[in-house]
Amino acid sequence: MDFGLLASLAGLAVLDSLNTSTMLAAAVIVLTARRPAATGWAYLSGAVLAFYLVATALLLGASAVEGSVGEFSMWARRAIFAALAVFLVWLGLRRLRTRRKRPPVRLPAWVNPWIAAGLGVLTTASDLPSAFPLFFAVSRLVDAPIGTGQGFALLAGYTVVYALPTLAVFLVALRLKDRMRDRLEQFASGYGEGEVAASRPIAGLYFAAAAASAAVAVFVVG
């Protein structure tokens, strides 16, 4: 198998794994769930399984369309870069104004492991619009000379890498909850109370990245 394909998938998986939503949820579960271990494992299982099923569904759908419609891969890449540009513009606009940080999150008392598994699925679903690395990975797999089974196996490895940081946060928080409670509280409350100050330089960086992404979509992808 092509080493370049494996390296690119690994890099994309690492980018995808830097997902604060699932990490925050893991910290909140450890701090506030009645049964933090069981609830946390159920949440992680739901989130990871949903991610893998979505990834395989994207691969199957993209492969089917690519086989019947010419130049699918090119247009898929253009759509991804265009969506990324829009997302970066949105982030830039947010940094042009001061806003309050998110209030602390608490898990309702009625959340049990079964419900937590469903919450994991919902968290994964809500993160899909910003899952650009996964879309790139699927595009690479569609173009690669491999079978469907190999593609599924590679996506399983991708999913493992995706899950590792959240798993690490969960295990460390579970083991060191009492000693790290203050830090976990800060993390679970959106990095503390107060406001996020407006920053034109950071907003400018987002806008520059958006322009670069749009330029790639129009002039580079082909």
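The preceding data block contains the structure.
Described below are features of the structure shown in this document. Predicted, not measured: the structure shown is a model, and the values here were computed from it.

**Focus: the side chain of T124**
If you trace the backbone, T124 turns up in helix 5 (residues 113-127). Assessed through its relative accessible area of 2%, T124 is described here as buried. There is a polar contact of 2.9 Å between the side chain of T124 and the backbone oxygen of A47. In contact with T124, not counting residues within four places along its chain, are A47, A50 and F51.

**Thoughts on the packing of aromatic side chains**
Summed over the entire model, instances satisfying the criterion amount to four aromatic pairs. With 6.1 Å between their ring centres and 5° between their planes, F51 and Y158 make a pair best called stacked. Residue F51 is located in helix 3 (residues 36-68), and its partner Y158 is located in helix 7 (residues 148-175); the two are separated by 107 residues in the primary sequence. Neither residue differs from the other here; F51 and Y158 are each classed as buried. Three or more aromatic residues link up through ring pairs in this structure, and these residues are F51, Y158 and Y162.

**Points about helix 1 (residues 3-17)**
Its 15 residues place the ends of helix 1 21 Å apart at the C-alpha level, agreeing with the 21 Å of an ideal helix rising 1.5 Å per residue. All of the buried residues in helix 1 are L5, S8, L9, L12, A13, D16 and S17.

**Description of the environment of A217**
Within the secondary structure, A217 is located in helix 9 (residues 200-220). A residue is classified by how much of its surface remains accessible, and A217, at 8% relative accessible area, is buried.

**Topic: the nonpolar core**
Counting 24 residues, the largest nonpolar core has L9, L59, L134, F136, V138, L141 and Y158 as the members making the most contacts within it. Looking at this core element by element, the count peaks at seven residues for helix 6 (residues 132-143). Residues within four places of L134 in sequence aside, it is in contact with D16, F51, A55, L58 and Y158. In this structure, A26, A33, A42 and V111 belong to the second largest nonpolar core, which totals twelve residues.

**Remarks on the packing of helix 1 against helix 7**
Remark: helix 1 packs on helix 7, axes separated minimally by 8 Å, with the N-to-C direction vectors making an angle of 35°. Pair helix 1 / helix 7 crosses with right-handed handedness. Along the contact surface, helix 1 presents L5, L6, L9, L12, A13, V14, D16 and S17, while helix 7 presents L154, Y158, V161, Y162 and P165.

**Comments concerning helix 7**
An ideal rise of 1.5 Å per residue puts 40 Å on 28 residues; helix 7 measures up with 40 Å between its terminal C-alpha atoms. Along helix 7, the sharpest change in direction is near 35° and occurs at L164; proline P165 comes one to four residues later. Those residues of helix 7 not exposed but buried are G151, L154, L155, Y158, T159, Y162, A163, T166, F170 and A173.

How each quantity is defined
- Residues numbered from 1 in each chain as written.
- Predicted model: local features only at pLDDT ≥ 70, side-chain atom pairs only at ≥ 80, totals over all residues.
- Heavy atoms only, no water.
- Helix = DSSP H or I, 4+ residues; strand = E, 2+ residues; numbered from the N terminus.
- Buried < 20%, exposed > 50% of the residue type's maximum accessible area, 1.4 Å probe, protein only.
- Polar contact = N/O pair within 3.5 Å; in protein donor to acceptor, adjacent residues only side chain to side chain.
- Contact = heavy atoms within 4.5 Å.
- Phe/Tyr/Trp six-rings, centres within 6.5 Å; stacked < 30°, edge-to-face > 60°.
- Expected span 1.5 Å × (residues − 1).
- Core = buried A, V, L, I, M, F, W, Y, C linked by side-chain atoms within 4.5 Å.
- Axes fitted to C-alpha atoms, helices over the stretch in contact; angles between N-to-C directions.
- Left-handed = near helix turned anticlockwise from the far one by under 90°.
- Bend = angle between axes of the 7 residues up to and from the residue.

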